[in-house]
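Survey of secondary and tertiary structure
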Amino acid sequence: MDHFTLSLAVGAAAGALVAIPMIAQKASFRHCVAAFGPYLFAAVIAFYSGLPDLPWWADGMGVALMIAIPAATVGSGKESRPVPTLLNAVLVGFLISVAERYLA
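Residues numbered from 1 in each chain as written. Predicted model: local features only at pLDDT ≥ 70, side-chain atom pairs only at ≥ 80, totals over all residues. Heavy atoms only, no water.

**Some remarks on the overall build of the protein**
Tallying secondary structure elements over the protein gives 4 helices and 0 strands in all. Starting at the N terminus and walking to the C terminus, you meet the elements of the protein as α-α-α-α. Its C-alpha radius of gyration of 14 Å places the protein within 12% of the 13 Å reference for a compact globule of 104 residues. For the protein, the spread of C-alpha atoms along the principal axes amounts to about 40 × 30 × 15 Å. Considering the protein as a whole, with its 104 residues, one finds that 33% of them fall into the buried category. The contacts in the protein between residues at least 6 apart in sequence include a share of 67% that link residues at least 24 apart. (Helix = DSSP H or I, 4+ residues; strand = E, 2+ residues; numbered from the N terminus. Rg over C-alpha atoms; globule rule 2.2 N^0.38 Å. Buried < 20%, exposed > 50% of the residue type's maximum accessible area, 1.4 Å probe, protein only. Contact = heavy atoms within 4.5 Å.)

**Brief notes about the packing of helix H1 (residues 3-24) against helix H2 (residues 29-48)**
It is at 7 Å that the axes of H1 and H2 come closest, and there the two elements cross at 150°. Relative to H2, the element H1 is oriented roughly antiparallel. For the crossing formed where H1 meets H2, the hand is right-handed. Across the contact of H1 with H2, the residue classes tally to 20 nonpolar, 5 polar and no charged. (Axes fitted to C-alpha atoms, helices over the stretch in contact; angles between N-to-C directions. Parallel < 35°, antiparallel > 145°, perpendicular 65-115°, else oblique. Left-handed = near helix turned anticlockwise from the far one by under 90°. Nonpolar A, V, L, I, M, F, W, Y, C, P; charged D, E, K, R; others polar.)

**Regarding a nonpolar patch on the surface**
Where nonpolar side chains cluster on the molecular surface, the patch consists of Leu17, Trp56, Trp57, Leu91, Phe94, Leu95 and Tyr102 and spans about 720 Å² of accessible area. Mapped onto the nonpolar patch, the elements with two or more residues apiece are helix H3 (56-74) and helix H4 (82-103). Looking at where leucine 91 falls in the secondary structure, it is placed in helix H4. (Patch = residues over 30% accessible without salt bridge, like charges linked within 9 Å, V, L, I, M, F, W, Y side chains within 5 Å. Areas by Shrake-Rupley, 256 points an atom, 1.4 Å probe, with all protein chains shown as cover. Salt bridge = Lys/Arg side-chain N within 4 Å of Asp/Glu carboxyl O.)

Next up, the structure:
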């Protein structure tokens, strides 16, 4: 499996990790896709970028966090939960970094 295909597979797995609990909670299709997409692209960006002055395990965390910050700050009303969104981005970003380190 080449590097790009592996990054897409890891991104799809990370996005599914986020979207499957939302499907179980009967969230709308639009919300599930909105949660799936950023992690798909975060994995590709993390695989092809190296953030300076960060160790290997923090590279995916930094990318996922940078992508999740706009989504965390845009929420409105009672549905706005920026802290769990950012913590989820850090956790999934760490898993992306681990996958990149040990699978690539």
